Amino acid sequence: MTTSLSNAYKDTNIHLNNIIPLDFGSILQLPESHVWTDDGDSGNDHRTCLARQPRAEPASPPVIDLRAPDAVGLVGDACRWWGVFQVTNHEVSQDLVEVVEAHARRLFELPTYQKLKALRAQNGVTGYGVARISPFFTKLMWHEGFTIMGSAMEHAKLLWPHHYEEFCDAMDKYQKKMKSLAYNILLVMLKALGVDEEDHEKLSSSFLYQSDGALQLNSYPSCPNPSRAIGLAPHTDSLLLTILHQNDTNGLQIMQEGVGWVPIRPTPGALVVNIGDLMHILSNATFHNMYHRVVPNEMSHRFTMAYFYGPPADSVLAPLPKLPGPPRFRAITVKEYIGLKNKHLEKALSIIQI
């Protein structure tokens, strides 16, 4: 019996101030609680939140056709250099994506009092609230989210007591498609690392076939002063990989050393894939875990759907054998690593370095 990912987060209690989003519909100017600067608002990391952006348009991560004959090589190069790429021919229908985005819009357009009926518990993972990284920062984020692990029924019933089935069905279908896509992309990544059939079978029997995920619906309303606000503070994702749909509003940016914050602009029909900490560990730091943020927009409302894919909480991860160089990280369970991340955020990886 494996331990679910949701159980790995239950040891952490978050204060309600770091869970309850703003009532965005009543805000005319940016409140002081959400005004970010470069004098320490970025919490425990030296890379500041409102830091420089390139003057010229920088190079961008690639858009990769998953059916291309050289897809494995292209994915491997993107993981090593960028830690992020976009994919097409991913077999997730645009119709399904549009239906799920429409449901996300309908949810976030509910009155605040109604959304708060589905508020995430202080030691919980699912439901309505601000991103779980909020306690690490002195200022609050211009963001509201809704997290689903498995069935959305428990919280959807609180929002729409008599009309929740359509929402739940759409979320179920989308999670199944995302899980299948994440698994297939993971196989491509392993091939890019040179994992042979014998190693692949060992991994499959240990956790690959049992891996699962969480779906996060995100809303970043138009902001009265976006240059002084942050939609989602800089961080890396904790699990193996993340698959993101973003609507046609810019906002996602990645930190590239020596360049600054590089935008990941929406590409019609494409999905964004980024490397998380656990894949960074598994690849022995060969694959770059992407440090990223979201900036708000003055004119447009940004909606995204992020699927986080990772092994069961009791799985043990360590750098894959046969990779070049000595192991750079000690073996660790997923639950232990999530516990470290919940306490130390970006310093968690350094704690398990050898």
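Look a little higher up for the structure.
In this text, all values refer to a predicted model and were calculated from it rather than measured experimentally.

### Some thoughts on the nonpolar core
Here comes step 1: Within the largest apolar cluster, 79 residues are counted, with the highest numbers of intra-cluster contacts made by F85, F146, F167, Y174, M189, L217 and I243.
Here comes step 2: Considering every element that reaches this core, the biggest residue donor is helix α5 (residues 165-192), with 16 residues.
Here comes step 3: Setting aside residues no more than four positions away along its own chain, Y174 makes contact with V92, L96, V97, V100, L215, H245 and M305.

### Considering the sheet that holds strand β8 (residues 252-256)
Here comes step 1: On the basis of which strands lie adjacent, the open sheet formed by four strands has the order β6-β11-β8-β9 and antiparallel pairing. Whereas interior strands pair on both sides, the edge strands pair on one side only; in this sheet they are β6 (232-235) and β9 (260-263). Adjacent strand axes in the sheet meet at a mean angle of 25° when their direction is disregarded.
Here comes step 2: Sheet analysis places β8 next to β9, joined by four bridges and oriented antiparallel. Counted as the bridge partner of I254 is V262 from β9.

### Comments concerning the sheet that holds strand β2 (residues 84-88)
Here comes step 1: Here eight strands make up an open sheet; going across it, the order is β1-β2-β10-β7-β12-β5-β4-β3 and the pairing mixed. Each of the sheet's edge strands pairs with one partner strand only, and the pair in question is β1 (63-65) and β3 (127-129). The mean angle between the axes of side-by-side strands here comes to 25°, regardless of whether they run parallel or antiparallel.
Here comes step 2: Bridge count for strand β7 (residues 241-246) against strand β10 (residues 271-275) is four bridges, and the pairing is antiparallel. Bridge pairing in β10 places I243 opposite V273.

### What about the layout of surface pockets?
Here comes step 1: Estimated volume of the largest pocket: approximately 790 Å³.
Here comes step 2: Around the largest pocket sit 41 residues that line it, and R132, I133, H235, D237 and F308 are the ones nearest its centre.
Here comes step 3: For the lining of the largest pocket, the elements supplying multiple residues, two or more each, are β5 (212-220), β6, β7, β11 (292-294), β12 (302-310) and α8 (334-344).
Here comes step 4: When its residues are assigned to classes, the lining of the largest pocket shows 22 nonpolar, 14 polar and five charged.

### Concerning a nonpolar patch on the surface
Here comes step 1: Taken together, the side chains of L16, I20 and L116 present a nonpolar region at the surface, about 210 Å² in accessible area.
Here comes step 2: Inspection of the secondary structure puts L16 in the segment before β1.

### Section: the pattern of salt bridges
Here comes step 1: The tally for this structure, following the rule as stated, stands at five salt bridges.
Here comes step 2: Here R105 makes a salt bridge to E101, at a shortest N to O gap of 3.2 Å. Of this pair, R105 and E101 both sit in helix α2 (residues 94-108), four residues apart, which is roughly one turn of that helix.
Here comes step 3: Owing to a relative accessible area of 29%, R105 belongs among the partly exposed residues under this scheme.
Here comes step 4: The exposure class of E101 is buried, given its relative accessible area of 13%.
Here comes step 5: With its nearest N and O atoms 2.9 Å apart, the salt bridge here joins K115 to E144. Pair noted here: K115 is in helix α3 (residues 112-115) and E144 is in strand β4 (residues 144-148), with a separation of 29 residues, a long-range link.

### Focus on α8
Here comes step 1: Those residues of α8 that fall on the buried side of the exposure criterion are V334, Y337, I338, L340, K341 and N342.
Here comes step 2: Elements in contact with the buried residues of α8: α7 (277-282), β13 (316-317), β14 (332-333) and α9 (348-351).
Here comes step 3: One or two residues past the end of α8 sits L345, with phi positive at roughly 50°.

Calculation criteria
Residues numbered from 1 in each chain as written. Predicted model: local features only at pLDDT ≥ 70, side-chain atom pairs only at ≥ 80, totals over all residues. Heavy atoms only, no water. Core = buried A, V, L, I, M, F, W, Y, C linked by side-chain atoms within 4.5 Å. Buried < 20%, exposed > 50% of the residue type's maximum accessible area, 1.4 Å probe, protein only. Helix = DSSP H or I, 4+ residues; strand = E, 2+ residues; numbered from the N terminus. Contact = heavy atoms within 4.5 Å. Pairing = 2+ DSSP bridges. Axes fitted to C-alpha atoms, helices over the stretch in contact; angles between N-to-C directions. 1 Å grid on protein atoms, 1.4 Å probe; cavity = no way out; pocket = protein on both sides within 12 Å on 5 of 7 lines; lining within 4 Å. Points joined across faces, edges and corners; volume = space filled by probe spheres on them. Nonpolar A, V, L, I, M, F, W, Y, C, P; charged D, E, K, R; others polar. Patch = residues over 30% accessible without salt bridge, like charges linked within 9 Å, V, L, I, M, F, W, Y side chains within 5 Å. Areas by Shrake-Rupley, 256 points an atom, 1.4 Å probe, with all protein chains shown as cover. Salt bridge = Lys/Arg side-chain N within 4 Å of Asp/Glu carboxyl O.

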